[in-house]
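# Examining the three-dimensional arrangement
Single-letter residue listing:
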Amino acid sequence: MPRIFSGIQPSGELHIGNYLGAVKNWVALQHQYECLFCVVNYHAITVPTDAGGLRERTLEMAISLIAAGLDPERCIIFVQSQVPEHTELNWIFNTVTPLGELERQTQFKDKAQRQESVMAGLLNYPVLQAADILLYRADLVPVGEDQVQHLELSREIARRWNARYAPDAPYFPEPQATLTPTRRVLGLDGQAKMSKSMGNTVGLLEPFDEVWEKLRPAVTDPKRVRRTDPGTPEVCNIYHLHKGFSPPDTVSHVAEQCRTAGWGCIDCKKVLLESLRAELQPMHERAAELRAKPERIREILDDGAGRARAMARETMAEVKARMGLL
Ligand code: SF4
């Protein structure tokens, strides 16, 4: 069975952009593939973090993932720092990765521009990503469009290591991208990608009265100035969120009501709120159960790390043997 690896930063609670853009797809993939899903806390420390906050956000992310539908009986859920082989392979891959390739990465250039002093960890971030994936010799990686370049670098690193240490029969597969169906979810400002740093998110586990407080003023089609102005649903982010959460007949109804000015944007948002409630309410309940038993979360993560580590150790034994490392 093909193997899938994917990771998510411990930013705390998932938001609906993470859910539509990645995690909803993971929930489906766990039924078709052998899957490993990792909370990548080593990636998170490329920006300064406080220990207590990081610990809490890591556990909260694990709770969100399980509440969203990842089933520890069907997939491996673990935290990156519990499997030290990630950083071990990261170092080895640093020795086959040209500096120029790292400096050309768009995400590095964007982030480095905004920082006064750039840390080496930011530059080497995609090498750790390659180690994350190749440690498990994953065949497939579900990615959003902004991750395609990093995955190409992982393939390049696999090729370079294979060429040097496994020239006859490649040891590392070149992982392929499986593009996530909903590739980019905009925030409630309708401008930028939904992201915690932009303050334009709706939390997956946020109470619905708070969700409504955010939805009510959210940006819609700017041409709908008056209630009687017809709109163009395709330019409105609320319509795209309906496509993520509402049943198909509701989505058609939304488009029709918008184009004919049959209803106002507040009516439309109320329907969206009900669709969100229908999908997210069971997740709120699962999260509440998990939060009531913190030891259960630790058990799930320890078990996941144990299973991941057994695979990681096998890879490292082979890698070290081929490189002459004792
Ligand atoms: S009616 Fe709905 S889809 Fe149309 S502009 Fe308003 S919020 Fe957007």
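Residues numbered from 1 in each chain as written. Predicted model: local features only at pLDDT ≥ 70, side-chain atom pairs only at ≥ 80, totals over all residues. Heavy atoms only, no water.

### Quick look at the overall build of the protein
Along its length, the protein carries 13 helices and five strands. The proportion of buried residues among the 326 residues of the protein is 50%. For the protein, contacts bridging at least 24 residues in sequence account for 79% of all contacts bridging at least 6. Carbon together with sulfur atoms contributes 52% to the accessible area of the protein, which is approximately 15700 Å² in total. (Helix = DSSP H or I, 4+ residues; strand = E, 2+ residues; numbered from the N terminus. Buried < 20%, exposed > 50% of the residue type's maximum accessible area, 1.4 Å probe, protein only. Contact = heavy atoms within 4.5 Å. Areas by Shrake-Rupley, 256 points an atom, 1.4 Å probe, with all protein chains shown as cover.)

### Re the nonpolar core
Counting residues in each nonpolar core, the largest one holds 57 residues, and the members touching the most others are Val23, Leu65, Leu204 and Leu215. Core analysis: the second largest hydrophobic core is formed by 41 residues, Cys38, Val40, Ala112 and Ala312 among them. (Core = buried A, V, L, I, M, F, W, Y, C linked by side-chain atoms within 4.5 Å.)

### A look at the site of the ligand
Surveying the vicinity of the ligand reveals the residues Thr220, Asp221, Arg224, Cys236, Ile238, Tyr239, Cys258, Trp263, Cys265 and Cys268. Of all the elements in the fold, those that place two or more residues in the shell around the ligand are helix 10 (237-245) and helix 12 (265-292). Within the shell around the ligand, the residues separate by chemical class into seven nonpolar, one polar and two charged. (Near = heavy atom within 4 Å. Nonpolar A, V, L, I, M, F, W, Y, C, P; charged D, E, K, R; others polar.)

### Some details on the side chain of His86
Mapped onto the fold, His86 is located in helix 4 (residues 85-94). His86 gets classed as buried once you look at its relative accessible area, which sits at 0%. Excluding residues within four positions of it along the chain, His86 makes contact with Phe5, Phe78, Gln80, Leu128, Ala131, Asp132, Leu135 and Tyr136.

### Brief notes about helix 7 (residues 120-134)
The end-to-end C-alpha separation of helix 7 is 21 Å, in line with the 21 Å expected for 15 residues at 1.5 Å each. The principal kink in helix 7, of about 40 degrees, is found at Pro126. The buried fraction of helix 7 is high, at 12 of 15 residues. For helix 7, the complete set of buried residues consists of Leu122, Leu123, Tyr125, Pro126, Val127, Leu128, Gln129, Ala130, Ala131, Asp132, Ile133 and Leu134. (Expected span 1.5 Å × (residues − 1). Bend = angle between axes of the 7 residues up to and from the residue.)

### Let's talk about the side chain of His15
One can find His15 in the loop between strand 1 (3-8) and helix 1 (16-29). Side-chain polar atoms of His15 contact the backbone nitrogen of Gly17, separated by 3.0 Å. (Polar contact = N/O pair within 3.5 Å; in protein donor to acceptor, adjacent residues only side chain to side chain.)

### Focus: the packing of aromatic side chains
Counted by the stated rule, this structure contains nine aromatic pairs. With a centroid separation of 5.8 Å and an interplanar angle of 10 degrees, the aromatic rings of Phe5 and Tyr136 are classed as stacked. With a gap of 131 residues between them, Phe5 in strand 1 and Tyr136 in the loop between helix 7 and strand 4 (140-143) connect regions that are remote in the sequence. Seen from their ring centres, Trp161 and Phe172 are 5.0 Å apart, and the 70 degrees between their planes marks the pair as edge-to-face. Here Trp161, found in helix 8 (residues 148-165), pairs with Phe172, found in the loop between helix 8 and strand 5 (176-179); they are 11 residues apart in sequence, far enough to count as distant. Both residues of the pair, Trp161 and Phe172, count as buried. The rings of Phe93, Trp161, Tyr165, Tyr171 and Phe172 are connected pair by pair, giving a single aromatic cluster. Positioned over the ring face of Tyr125 is Lys111, at 5.5 Å from the centre of the ring. (Phe/Tyr/Trp six-rings, centres within 6.5 Å; stacked < 30°, edge-to-face > 60°. Lys NZ or Arg CZ within 6 Å of the ring centre and 35° of its normal.)

### Looking at helix 8
In an α-helix there are 3.6 residues to a turn, and that puts residues three or four apart on one side. Between its first and last C-alpha, helix 8 extends 26 Å over 18 residues, near the 26 Å set by a 1.5 Å rise per residue. For helix 8, every residue scored as buried is listed here: His150, Leu151, Leu153, Ser154, Arg155, Glu156, Ile157, Ala158, Trp161 and Asn162.

### What to know about the pairing of strand 4
Residue alternation in strand 4 divides its side chains into two sets, Leu140 and Pro142 and Val141 and Val143, and both sets are buried. Of the pairings in the sheet, the one linking strand 4 to strand 5 comprises four bridges and is parallel in character. Its bridge partner being in strand 5, Leu140 is matched across the sheet by Gln176. (Pairing = 2+ DSSP bridges.)

### Points about the packing of helix 7 against helix 8
Relative orientation of the contacting elements helix 7 and helix 8 amounts to 70 degrees, with a least axis distance of 9 Å. Viewed along their axes, helix 7 and helix 8 adopt a mutual orientation that is roughly perpendicular. Once helix 7 is placed against helix 8, the crossing between them reads as right-handed. Residues Tyr125, Pro126, Val127, Gln129, Ala130, Ile133 and Leu134 of helix 7 lie in contact with helix 8, whose contacting residues are His150, Leu151, Leu153, Ser154, Ile157 and Ala158. (Axes fitted to C-alpha atoms, helices over the stretch in contact; angles between N-to-C directions. Parallel < 35°, antiparallel > 145°, perpendicular 65-115°, else oblique. Left-handed = near helix turned anticlockwise from the far one by under 90°.)

### Some words on the pattern of salt bridges
Scanning the entire structure with this criterion turns up 20 salt bridges. Its salt-bridge partner being Lys320, residue Glu88 comes within 2.9 Å of it at the nearest N-O pair. Note that Glu88 is positioned in helix 4 and Lys320 in helix 13 (residues 294-323), a separation of 232 residues in sequence. On the accessibility criterion, Glu88 (29% relative accessible area) is partly exposed. Its relative accessible area of 26% is what places Lys320 among the partly exposed residues. Measuring nitrogen to oxygen at the nearest pair gives 3.3 Å for the salt bridge that ties Arg307 to Asp303. Taken together, the residues Arg307 and Asp303, both in helix 13 and four residues apart, mark about one turn of the helix. Sharing partners across several salt bridges, the network here consists of Glu152, Arg155, Glu156, Arg159, Arg160 and Glu174. (Salt bridge = Lys/Arg side-chain N within 4 Å of Asp/Glu carboxyl O.)

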